[in-house]
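In case you want the letters, here they are:
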Amino acid sequence: MVPKAEDGCNQCGICVKKCPAEAISLNHVQEADEKKCISCMRCVVVCPAGARKINAAAAAAVAQKIEKACSVRKRNELYC
Ligand code: SF4
Ligand code: SF4
């Protein structure tokens, strides 16, 4: 679940600045470092060009896997 830049990326560098794990390099914005990426999807949300995406097949597989667990709304719990 590591997003990549596809067509439409204009090399603006916003995803590089906003990635909390410093997983994207300004010299190579298309790929993220798989060892650093925490799959938070912030780069996808902040990309003004809508160019950052995850593999559709992988996303579908994850959605299918968590469908049951996410089918019922749960109350927030705070662990101290
Ligand atoms: S998903 Fe999160 S951690 Fe991974 S590259 Fe994007 S912003 Fe960085
Ligand atoms: S924020 Fe989007 S357009 Fe800008 S460098 Fe990252 S992927 Fe490319």
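In this report, the structure presented in the accompanying data block is examined.

What counts and what doesn't
- Residues numbered from 1 in each chain as written.
- Chains lettered and ligands numbered in written order.
- Predicted model: local features only at pLDDT ≥ 70, side-chain atom pairs only at ≥ 80, totals over all residues.
- Heavy atoms only, no water.
- Helix = DSSP H or I, 4+ residues; strand = E, 2+ residues; numbered from the N terminus.
- Buried < 20%, exposed > 50% of the residue type's maximum accessible area, 1.4 Å probe, protein only.
- Contact = heavy atoms within 4.5 Å.
- Salt bridge = Lys/Arg side-chain N within 4 Å of Asp/Glu carboxyl O.

**Topic: the environment of valine 2**
Locating valine 2 in the fold gives a position in the segment before strand 1 (4–5). Overall, valine 2 belongs to the partly exposed group, its relative accessible area being 23%. Beyond its immediate chain neighbours, meaning those up to four positions away, valine 2 contacts Ala32, Glu34, Cys37 and Ile54.

**Quick notes on the pattern of salt bridges**
Pairing between side chains becomes possible if they bear opposite charge and their charged atoms approach one another. Considering all chains together, one arrives at 1 salt bridge under this definition. The partner of lysine 4 in a salt bridge is glutamate 31, and the shortest N-O contact between them spans 3.8 Å. Of this pair, lysine 4 sits in strand 1 while glutamate 31 is found in strand 3 (residues 28–32), placing the two residues 27 residues apart along the sequence. Exposure remark for glutamate 31: the relative accessible area of 34% places this residue in the partly exposed category.

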